[in-house]
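# Coordinates in review
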Amino acid sequence: MTAGEETGTFRGIRVGRIAAPLREQVIDGLRTAILEFELRPGQRLVERELIEQTGVSRATIREALRELAAEGLVVTVPQKGAMVYRPSADEARDLYAVRASLEALTVRRFIERANAAHHDRLRATVTALEQDVEDGADMHRLLRDKDRFYTELLAGADSPTIERILGGVQARVRLLRATSMSQPGRAAQMAAEMRALVDAITARDVPAAERLCIEHLEHAAATGLAGLDGVGE
């Protein structure tokens, strides 16, 4: 990769002085640039360049990079510094396999432990997702819809252990989730899969719900990996 290629097509971040704190504006701007591939997987994040592009302090940039590292979007590589996270194909497959196992267990626990209110809230998240897909909402909105679904699923599953472990895995696959959801036709397919999953959960059909959960993640893995290949080094 040449120096010119490493800079990608990042247009910088415009930060204001009134709305959100500067730190939050920088985090949001960098997160958006990563998820929309202005900052490409594997690209170096040079502090000096980010300071010039944003006009904020080195301390603010470092805080933002630490937050994005906690989200799984940035990694620190010895002798290279901060880089946009880019999983290898094998790592991505393993992450999705672990996620599928954990989410299938979460679905089982939800069916065992959730009450009627939990079911109502879970169904509501999928209804909102379907509406946003129909309205052509952007990928960030759809990711937030999915996050709300998992929040309700974990609430009904009532397992701090699963929630803690799954949270770490979810952070690592966030870039892959964005890549998958950006592929043509994937959003509508994803919404249909989520509706079928919730219908099985509501019917308390554990085998069907676990199967649909795993199938959904297999489809997400396939499109995410294909999309990541398309982004390039």
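Our subject in this report is the structure included herewith. (Residues numbered from 1 in each chain as written. Predicted model: local features only at pLDDT ≥ 70, side-chain atom pairs only at ≥ 80, totals over all residues. Heavy atoms only, no water.)

### Examining the pattern of salt bridges
This structure, assessed with the given rule, holds 20 salt bridges. Note that R123 and D120 form a salt bridge whose closest N and O atoms lie 2.4 Å from each other. Of this pair, R123 and D120 both sit in helix α6 (residues 116-134), 3 residues apart, roughly one helical turn. Exposure remark for R123: the relative accessible area of 27% places this residue in the partly exposed category. Exposure remark for D120: the relative accessible area of 43% places this residue in the partly exposed category. A salt bridge links E130 to R195; the shortest N-O distance between them is 2.9 Å. Highlighted residues: E130 in helix α6 and R195 in helix α10 (residues 186-202), separated in sequence by 65 residues. Here the residues in one salt-bridge network are R23, E24, E63 and E67, joined through shared partners. (Salt bridge = Lys/Arg side-chain N within 4 Å of Asp/Glu carboxyl O. Helix = DSSP H or I, 4+ residues; strand = E, 2+ residues; numbered from the N terminus. Buried < 20%, exposed > 50% of the residue type's maximum accessible area, 1.4 Å probe, protein only.)

### Some words on the packing of aromatic side chains
Per the counting criterion, the structure on display carries 1 aromatic pair. Here F149 and Y150 contribute two aromatic rings whose centre-to-centre distance is 5.3 Å and whose plane-to-plane angle is 80°, an arrangement assigned as edge-to-face. Summarising the burial analysis for this pair, F149 and Y150 share the class buried. (Phe/Tyr/Trp six-rings, centres within 6.5 Å; stacked < 30°, edge-to-face > 60°.)

### Overview of the layout of surface pockets
Estimates place the volume of the largest pocket at around 250 Å³. Breaking the lining of the largest pocket down by element, the ones donating at least two residues are α7 (139-157), α8 (160-172) and α9 (174-181). Counting residues per element, the lining of the largest pocket draws most heavily on α8, which supplies 5 residues. When grouped by side-chain class, the residues that make up the lining of the largest pocket number 5 nonpolar, 3 polar and 5 charged. (1 Å grid on protein atoms, 1.4 Å probe; cavity = no way out; pocket = protein on both sides within 12 Å on 5 of 7 lines; lining within 4 Å. Points joined across faces, edges and corners; volume = space filled by probe spheres on them. Nonpolar A, V, L, I, M, F, W, Y, C, P; charged D, E, K, R; others polar.)

### What to know about unusual backbone geometry
The phi dihedral of Q79 falls on the positive side, at around 70°, and the residue is not glycine. Following the sequence through the fold, Q79 ends up in the loop between β1 (74-77) and β2 (81-84). With phi around 55°, R204 is a residue other than glycine that occupies positive phi space. Examined against the element boundaries, R204 turns out to sit in the loop between α10 and α11 (206-231).

### A look at the environment of S57
Relative to the assigned elements, S57 resides in the loop between α3 (47-54) and α4 (58-70). For the pair S57 and E47, spaced 10 residues apart in the sequence, the C-alpha separation amounts to 9.7 Å.

### What about α8?
Here α8 is 13 residues long and its end C-alpha atoms lie 19 Å apart, about the 18 Å a rise of 1.5 Å per residue gives. Along α8, the positions that sit buried rather than exposed are I162, L166, V169, Q170 and A171. The secondary structure elements touched by the buried residues of α8 are α4, α5 (89-113), α7 and α9. (Expected span 1.5 Å × (residues − 1). Contact = heavy atoms within 4.5 Å.)

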